[in-house]
Amino acid sequence: MPKNEMLHGLNPYDRLKACINDINQHHRDAELCVITGDLTHTADPDAYFDLRKCLSELPMPFYLLAGNHDRRKEMLAAFPDIPIDPDGFIQFELSCSAGRFLMLDTVEEGKGWGSYCETRLRWLRETLAKANDHRVYLFMHHPPFDVGIPSVDRLGLGADGRKMSEVLADFTNIRHLFFGHVHRPIAGSWRGIPYSTLRGTNHQVPLDFEAIEVVPKSHEPPAYAVVFLDDGQTTVHFHDYLDTSRLIYEKVSEGRPDRG
Ligand SMILES: [Fe+2]
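Residues numbered from 1 in each chain as written. Predicted model: local features only at pLDDT ≥ 70, side-chain atom pairs only at ≥ 80, totals over all residues. Heavy atoms only, no water.

Topic: the coordination of the iron ion
Thought 1: For the iron ion, every protein donor is listed as Asp 38 (OD), Asn 68 (OD1), His 141 (NE2) and His 181 (ND1), and the spread of their distances is 2.1 to 2.5 Å.
Thought 2: In this structure, the iron ion is surrounded by four donor atoms whose angles at the metal cover 83 to 173°, and the resulting shape is irregular.
Thought 3: Motif for the iron ion, donor spacing along one chain: D-x29-N-x72-H-x39-H. Of this pair, Asn 68 sits in the loop between β2 (62-64) and α3 (72-78) while His 181 sits in the loop between β6 (174-179) and β7 (186-190), and the two are 113 residues apart along the sequence. As far as burial versus exposure is concerned, Asn 68 and His 181 are alike and both buried. (Donors = N, O, S within 2.8 Å, 3.2 Å for Na, K, Ca; no water. Tetrahedral: all angles 85-135°; square planar, octahedral: opposite > 155°, others 65-115°. Helix = DSSP H or I, 4+ residues; strand = E, 2+ residues; numbered from the N terminus. Buried < 20%, exposed > 50% of the residue type's maximum accessible area, 1.4 Å probe, protein only.)

Observations regarding the pairing of strand β8 (residues 193-197)
Thought 1: β8 sits mainly inside the fold: four of its five residues count as buried.
Thought 2: Across two bridges, β6 lies against β8 in parallel orientation. Bridging across to β8, Leu 177 finds its partner in Tyr 195.
Thought 3: With five bridges joining them, β7 and β8 adopt antiparallel strand pairing. Bridge pairing in β8 places Trp 190 opposite Ile 193.
Thought 4: Adjacent in sequence and paired antiparallel, β7 and β8 are bridged by two residues, among which Arg 191 carries a positive phi angle near 50°. (Pairing = 2+ DSSP bridges.)

Concerning the state of the cysteines
Thought 1: Overall, the coordinates contain zero disulfides when judged by the stated rule.
Thought 2: Its sulfur unpaired, Cys 19 is 7.5 Å from the next cysteine sulfur, which belongs to Cys 33.
Thought 3: A residue is classified by how much of its surface remains accessible, and Cys 19, at 5% relative accessible area, is buried. (Disulfide = S-S within 2.5 Å.)

Comments concerning helix α1 (residues 12-26)
Thought 1: End to end, α1 covers 21 Å across 15 residues, agreeing with the expected 21 Å (1.5 Å per residue, within 8%).
Thought 2: Among all positions of α1, only Pro 12, Tyr 13, Arg 15, Leu 16, Cys 19, Ile 20, Asp 22, Ile 23 and Asn 24 are buried.
Thought 3: The N-cap of α1, judged by a side-chain oxygen 3.0 Å from the amide nitrogen of Tyr 13 a few residues on, is Asn 11. (Expected span 1.5 Å × (residues − 1). Polar contact = N/O pair within 3.5 Å; in protein donor to acceptor, adjacent residues only side chain to side chain.)

Thoughts on the packing of aromatic side chains
Thought 1: Under the criterion given, the structure shown has nine aromatic pairs.
Thought 2: Ring geometry for Phe 101 and Tyr 137: centres 5.6 Å apart, planes at 70°, overall edge-to-face. Of this pair, Phe 101 sits in strand β4 (residues 99-103) while Tyr 137 sits in strand β5 (residues 136-140), and the two are 36 residues apart along the sequence.
Thought 3: A relative accessible area of 0% means that Tyr 137 is categorised as buried.
Thought 4: Taking the centre distance of 5.2 Å and the plane angle of 40° together, the rings of Phe 145 and Trp 190 count as tilted. Within this pair, whereas Phe 145 is found in the loop between β5 and α5 (150-153), its partner Trp 190 is found in strand β7, the two being separated by 45 residues in sequence.
Thought 5: Here Phe 145 falls in the buried class, since its relative accessible area comes to 11%.
Thought 6: Judged by its relative accessible area of 9%, Trp 190 falls in the buried class. (Phe/Tyr/Trp six-rings, centres within 6.5 Å; stacked < 30°, edge-to-face > 60°.)

Quick look at the structure:
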């Protein structure tokens, strides 16, 4: 939302600002930052402008994925440097120290649910083939599978997720799948690919296995994640950056001899 406008009883701009301040205080050494969307609630150009201003405070490069609430034209107007694929979808490949990051565009504009059409699948297949033996990490807004929360699963990729899984099955170098959309901390594996998602920076979706026709919202605390990647391991730390509960630092008498 544009600065000072509320969403579900919360101020998204202030909460994002607090998130960025926390990152800047504790994780300035991060190689890069990925935002899995949504970036805005109604694709308001002013909201993109304010987002851009907020993100300019980050010391590391940042990469943005479109969500169902975004619109490509308005997003690219505010962030003209975002790469697009030859067919105009906001998906691109990034080489970084951990391997290849593939940012996918799962948006079906104007719909809450997502899609991943044959055209995008072709790009994915070709890009994966070019990655050879490099480690690959996938980033997308919609999960390509059901997470077990019926109201959210109605707004997923449906049959397109199954088609995506058939493409991914040909590759053994995909190390992790990160996605947004769900506004809840969830981790697991899907057809052998480990995945994780986390709460958003504004409102959340409660753990509700009953609701179907409305997506329930909650004021559970917002979070970001710090991710460590290396050849043999992926570690995802979830951080509730507005938590103010008491911290206790108590000296532990001894650790393992091999760890000092
Ligand atoms: Fe979403």
